[in-house]
Amino acid sequence: MFNIKIATTIFFVLLLINSNHLLCQNNHTKLWYNHPANAGVKDTSAGWINDFEWLKALPVGNGFIGAMIFGDVNKERLQLNEKSLWSGSNDDNDNPDASKYLNGIRQLLFEGKYKEATELTNKTQVCKGAGSGSGNGADVPYGCYQTLGDLWIDFNIKTTYANYYRELDLINGIALTRFKQNNIQFTRKVFASNPDKAIVIHLTADKANAISFTLSVSRPEKFTTIVEGNRLVMSGTLINGKGGDGMKYKVYAVPVVSGGSLKKDGNELIISKADAVTIIVTAATNYKLHYPDYINNSFEDELNAVTNKAVATPYNILKEKHVKDFSFFMKRSSLQLTSTPNENLPTDQLLEKNLQTKNEAGLYSLYYQFGRYVLLSSSREGSLPANLQGIWGNKIQTPWNGDYHTDINVQMNYWPSEVTNLSECDMQLIGLIESLVTPGTRTASVQYKMHGWCIHPITNVWGYTAPGEDPGWGLHVGATGWMCQHVWEHYAFTHDTNYLRKVYPILQQACLFYFDWLVKDPSTSKLVSGPASSPENSFVAPDGSTASISMGPSHDQEVIRDLFNNTLQAARELNISNDDAFIHQLQQTNNQIAMPGIGKDGRLMEWAQGFKEVEPHHRHSSHLFALYPGDEITLDKTPALAEAAKKSLEARGDDGTGWSLAWKINFWARLHDGNHALKLLNRLLQPAHATGVAMNNAGGTYNNLFCAHPPFQLDGNFGATAGIAEMLLQSQEDFIELLPALPSSWKDGSVKGLCARGGFVIDMQWKNNKLTRAILFSKKGGLCIIKYGTKEIALNTKAGGQYNLINFTQ
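Residues numbered from 1 in each chain as written. Predicted model: local features only at pLDDT ≥ 70, side-chain atom pairs only at ≥ 80, totals over all residues. Heavy atoms only, no water.

**Q** Which parts of the structure should I look at to understand the sheet that holds strand 27 (residues 612-613)?
**A** To summarise the sheet geometry, strands pair through backbone hydrogen bonds and adopt either a parallel or an antiparallel arrangement. Reading across the sheet, the three strands line up as 25-24-27 and stay open at both edges, with antiparallel pairing between neighbours. Strands at the two margins of the open sheet, each flanked by one partner only, are strand 25 (546-547) and strand 27. Pairing of strand 24 (residues 539-540) with strand 27 involves two bridges; the strand directions are antiparallel. Each bridged residue has a counterpart across the sheet, and for valine 540 the counterpart in strand 27 is lysine 612. (Pairing = 2+ DSSP bridges. Helix = DSSP H or I, 4+ residues; strand = E, 2+ residues; numbered from the N terminus.)

**Q** Got a minute to help me understand the packing of aromatic side chains in this structure?
**A** The relation between two aromatic rings is expressed through the spacing of the ring centres and the mutual angle of the planes. Tallied over the entire structure, the rule returns 41 aromatic pairs. Seen from their ring centres, tyrosine 114 and phenylalanine 611 are 5.5 Å apart, and the 80 degrees between their planes marks the pair as edge-to-face. Taken together, the positions of tyrosine 114 in helix 2 (residues 114-124) and phenylalanine 611 in the loop between helix 14 (581-592) and strand 27 put the pair 497 residues apart, joining distant regions of the chain. Across this residue pair, the class does not change: tyrosine 114 and phenylalanine 611 are buried. Three or more aromatic residues joined by ring pairs form one cluster here, namely Trp54, Phe326, Phe370, Tyr373, Trp392, Phe706 and Phe712. In this structure, lysine 75 packs its charged tip against the face of tryptophan 152, placed 4.8 Å from the ring centre. The ring of tyrosine 33 is capped by arginine 166, whose NZ or CZ atom sits 4.6 Å from the centre of that ring. (Phe/Tyr/Trp six-rings, centres within 6.5 Å; stacked < 30°, edge-to-face > 60°. Buried < 20%, exposed > 50% of the residue type's maximum accessible area, 1.4 Å probe, protein only. Lys NZ or Arg CZ within 6 Å of the ring centre and 35° of its normal.)

**Q** How should I be thinking about the nonpolar core in this particular structure?
**A** Generally speaking, a soluble globular protein has its nonpolar side chains buried in company with each other. Counting residues in hydrophobic clusters, the biggest one holds 233 residues, and the most contacted among them are Leu681, Phe706, Leu728 and Leu738. No other element matches the 12 residues that helix 12 (residues 497-517) contributes to this core. Discounting chain neighbours no more than four positions away, the residues touching phenylalanine 706 are Trp54, Leu55, Pro59, Met68, Phe370, Val374, Trp392, Gly700, Thr701, Phe712, Leu714 and Asn717. Ranked by size, the runner-up nonpolar core spans nine residues in total, among them Phe191, Ala198, Ala310 and Val323. (Core = buried A, V, L, I, M, F, W, Y, C linked by side-chain atoms within 4.5 Å. Contact = heavy atoms within 4.5 Å.)

**Q** Please clarify how unusual backbone geometry should be interpreted in this entry.
**A** The bulk of non-glycine residues show a negative phi, and the bulk of peptide bonds are trans. Going from tyrosine 628 to proline 629, the amide bond is cis rather than trans, its omega being 10 degrees. Mapped onto the fold, proline 629 is located in the loop between strand 27 and helix 15 (639-652). Residue proline 710 is reached from histidine 709 by a cis peptide bond, and omega for that bond is -15 degrees. In this structure, proline 710 sits in the loop between strand 29 (707-708) and helix 18 (715-728). Residues other than glycine seldom take positive phi values, yet asparagine 156 does so here, at roughly 55 degrees. Mapped onto the fold, asparagine 156 is located in the loop between strand 6 (149-154) and strand 7 (162-169). A positive phi angle is found at asparagine 421, which is not glycine, with a value near 75 degrees. Topologically, asparagine 421 is positioned in the loop between helix 8 (415-419) and helix 9 (423-448).

**Q** For this particular structure, what's the right way to read the side chain of arginine 670?
**A** On the secondary structure map, arginine 670 appears in helix 16 (residues 658-670). Within the structure, the side chain of arginine 670 is placed 3.5 Å from the side chain of glutamine 732, a separation counted as a polar contact. Setting aside chain neighbours within four positions, we find arginine 670 in contact with Leu627, Tyr628, Pro629, Gly630, Leu635, Glu726, Gln730, Gln732 and Arg757. (Polar contact = N/O pair within 3.5 Å; in protein donor to acceptor, adjacent residues only side chain to side chain.)

**Q** Which parts of the structure should I look at to understand the pattern of salt bridges?
**A** Oppositely charged side chains can pair when the atoms bearing their charge come close. Enumeration over the complete set of coordinates arrives at 30 salt bridges. The partner of arginine 77 in a salt bridge is aspartate 150, with the nearest N and O atoms 2.6 Å apart. Pair noted here: arginine 77 is in strand 5 (residues 75-82) and aspartate 150 is in strand 6, with a separation of 73 residues, a long-range link. The exposure class of arginine 77 is buried, given its relative accessible area of 3%. Assessed through its relative accessible area of 9%, aspartate 150 is described here as buried. For the salt bridge of arginine 332 with glutamate 424, the shortest nitrogen-to-oxygen distance reads 2.8 Å. Within this pair, whereas arginine 332 is found in the loop between helix 4 (315-330) and strand 18 (334-337), its partner glutamate 424 is found in helix 9, the two being separated by 92 residues in sequence. Judged by relative accessible area, arginine 332 falls into the buried class, the value being 10%. Looking at glutamate 424, the relative accessible area reads 38%, which means it is partly exposed. Among the charged side chains, a network of salt bridges with common partners joins Asp601, Arg603, Glu606, Glu613 and Arg652. (Salt bridge = Lys/Arg side-chain N within 4 Å of Asp/Glu carboxyl O.)

**Q** Can you walk me through the packing of helix 1 (residues 102-110) against helix 2 in this structure?
**A** Each pair of packed helices can be summarised by the angle the axes make with each other and by the distance between the axes. It is at 8 Å that the axes of helix 1 and helix 2 come closest, and there the two elements cross at 160 degrees. In terms of axis orientation, helix 1 runs roughly antiparallel to helix 2. The two elements helix 1 and helix 2 cross, and the hand of that crossing is left-handed. Counted together, Ile105, Leu108 and Leu109 of helix 1 and Tyr114, Glu116, Ala117, Leu120, Thr121 and Thr124 of helix 2 form the full contact between these two elements. Residues that form the contact of helix 1 with helix 2 fall into these classes: six nonpolar, two polar and one charged. (Axes fitted to C-alpha atoms, helices over the stretch in contact; angles between N-to-C directions. Parallel < 35°, antiparallel > 145°, perpendicular 65-115°, else oblique. Left-handed = near helix turned anticlockwise from the far one by under 90°. Nonpolar A, V, L, I, M, F, W, Y, C, P; charged D, E, K, R; others polar.)

**Q** What am I meant to see in the environment of asparagine 209 here?
**A** Its location among the elements puts asparagine 209 in the loop between strand 10 (198-205) and strand 11 (211-218). C-alpha separation for the pair asparagine 209 and alanine 694, spaced 485 residues apart in sequence, amounts to 50 Å. In contact with asparagine 209, other than residues within four places in its own chain, are Lys273, Ala274 and Asp275. From its side chain, asparagine 209 meets the backbone oxygen of lysine 273 in a polar contact 3.1 Å long.

**Q** Just checking my understanding: could you explain the side chain of serine 548 for this structure?
**A** Counting through the fold element by element, serine 548 comes out in the loop between strand 25 and strand 26 (549-550). Not counting the four nearest positions on each side in its chain, serine 548 is found in contact with Gly472, Ala532, Ser533, Ser534, Asn537, Ser538 and Phe539.

**Q** What exactly am I supposed to notice about the environment of serine 258 here?
**A** As for its position among the elements, serine 258 is in strand 14 (residues 245-258). Taking C-alpha positions, serine 258 is 33 Å from glutamate 221, a pair spaced 37 residues apart along the chain. Beyond its immediate chain neighbours, meaning those up to four positions away, serine 258 contacts Ala274, Asp275 and Ala276.

**Q** Looking at this model, I keep getting lost on the packing of helix 17 (residues 674-684) against helix 18. Mind explaining?
**A** Two numbers describe how helix 17 lies on helix 18: the axes approach to 11 Å, and their chain directions differ by 155 degrees. Relative to helix 18, the element helix 17 lies roughly antiparallel. Seen along the crossing, helix 17 lies across helix 18 with a hand that is left-handed. Packed against helix 17, whose contacting residues are Ala677, Leu678, Leu681 and Leu684, the element helix 18 presents Gly716, Ala720, Ile724 and Met727 at the interface. In terms of residue class, the contact of helix 17 with helix 18 is made up of seven nonpolar, one polar and no charged.

**Q** What is the right way to look at the sheet that holds strand 4 (residues 65-69) in this model?
**A** Spatially, 3-4-5-6-11-16-15 is the arrangement adopted by the seven strands of the open sheet, whose pairing is antiparallel. Both edges of this open sheet fall to strand 3 (58-61) and strand 15 (261-265), since each of them pairs with a single strand only. Strand-to-strand, the axes of this sheet are offset by a mean angle of 20 degrees, without reference to chain direction. Relative to strand 5, strand 4 is paired through five bridges, and the arrangement is antiparallel. From the neighbouring strand, methionine 68 faces strand 5, where its bridge partner is glutamine 79.

Structure below.
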């Protein structure tokens, strides 16, 4: 427990304010370019190969539907997505034979017979059926997230153009394209409206009757497009992976024409000599997040109502509603860095310049806001959570099925949600977790003959909770505890007791699974998890074999301990008595869990024994969970373990995939090494040109700021955004720490709207690396302990109060 000295003098000013104090905006809120993405370059059909022109397009989304806007002049393309559009179907993948081999595998591992244990594990501790299809699940029941298709606006001209400019306004959520052609100024604006559940495209010109084009919509397969009155209708049915029909979908594209004319031409619409055109795009599927049927039989009626309402609404009203909604969230937080002159460079050139200087302050601010932008755009109330690609994907076979990887990736998607003031986005992940409890209960019972609920390293929209088809990556029972961390963290930041009371059974039932799963290590008498892997990593076993399965890998131990600690804290918050039988068992079990040790080389041990890694620079650093996003390893509470974690990071190196680099930013921030965190951020911002799969050192950033695994994955964007926040504010212990890992090159700056656990919001300003201003806003009231350098204060706050922390700046 941190030793607190209460300040004896009054050092704060109390003001009652409303949430408008959070609103802010800086000059680094727009991506912009002086050239289009080439819509004429055809996408490759290869699912695992990026399309580089697509990675120049700009994303918009409202949580349900999204678009990638190319901004091409003569023929515009909007690649479309509807986030529930998946092939596949609900399937039984729980293996009833797996449990009978568990004790035998454990005994072999305790005896050091890793080769035999691995062979038995590989044969028995797998799912039933095809599983994920080895990440190529489009044609098996697991399914795959797929492109909705493409909207084409063909202007049927080939003439040159000048004064080209396109931008993505991150605060208002509007993509703009502007250019001059044939002495006419053309302007296009595109946004994805959450209030109206539509993508809105507005085309204007500075001369009358200047807009003429052909409008069409298509997808690579399984579609029919027809014209109904003045609208295009595309519909189809995907496969269920079992030889039958699967999910149904429908898309409307409705041009609202001012001046000029509209006519049908086959399955296209022709607009001629219009003054302005607004195109309303809506889409839906017959999917509903409801186990086990997942069917919404009224989706067409609902879509018709949404479409008709949006079409009947004037463009200015659609835009006004959208901007009010979107900017309400985006203006809550901003980052301004002024340590170097901020040149007004196009975003792609800014990336290239930062590769040389490694100190482009404007890029860091832009990247921070872009991470918030894509989270808000891909995770809104009522939608599915952001997947591996957020909401944007242009393939039939999306890499790794575009699913929810629960061994870090979907968790990383939501690392910035609370701390960067987008707490509402978190509820979509929690909604998915709630939906997995019932199928996960079946998996625990059928696969393992155990109580509670569990999941493994992958899940989809169909309630998949079984292991994967290969134990090397697919036997990750720690996923349950890790996902439950997000259930707890939402309460930790919001202190919403009604929410906690609702989700407490999720935590409780997860604990029940681990009560059954943990076994006593005969050599230490401590409880260990296993057979289990340290996600996707492997080691050289004492018998000379290469193995990934062991008993008590540090990751599992840390994650389970995190769940137990959080559940105990939740019980205290809900006034559940220590005499409760479950709480008593939880306390006893928690005290017996083996925790990671420090190896002979001074590193934090990844496995219970000092095994040699097969890949010393492996992309996963799962044994450091307790450093981040966990909280059991800290510089204050456990300095020896923190030092061991640092040595582990030094051995892992500063390279990796996109998400791996993002994770390391957070690690170094937790170690209060802002310069090293910035080094990793600059490495992540390295312009990426790889289009195929690279599992080690090719991470970086594409022209449109999408993260390169490669291929494209959005988790690195989210993770790095959280990492930037972690450099500036930390609250994982019993206090809030201001500027704990400020890079030395970020001499002057300000940040507004960062959130801390306990229901607090912080604004800060610094100059010459010294805090000059700090404002705390208390949402819920209560004790708040704040630390800056060697200074420390405690405030008894009132709900709705604003506090000027002037003592920190004197």
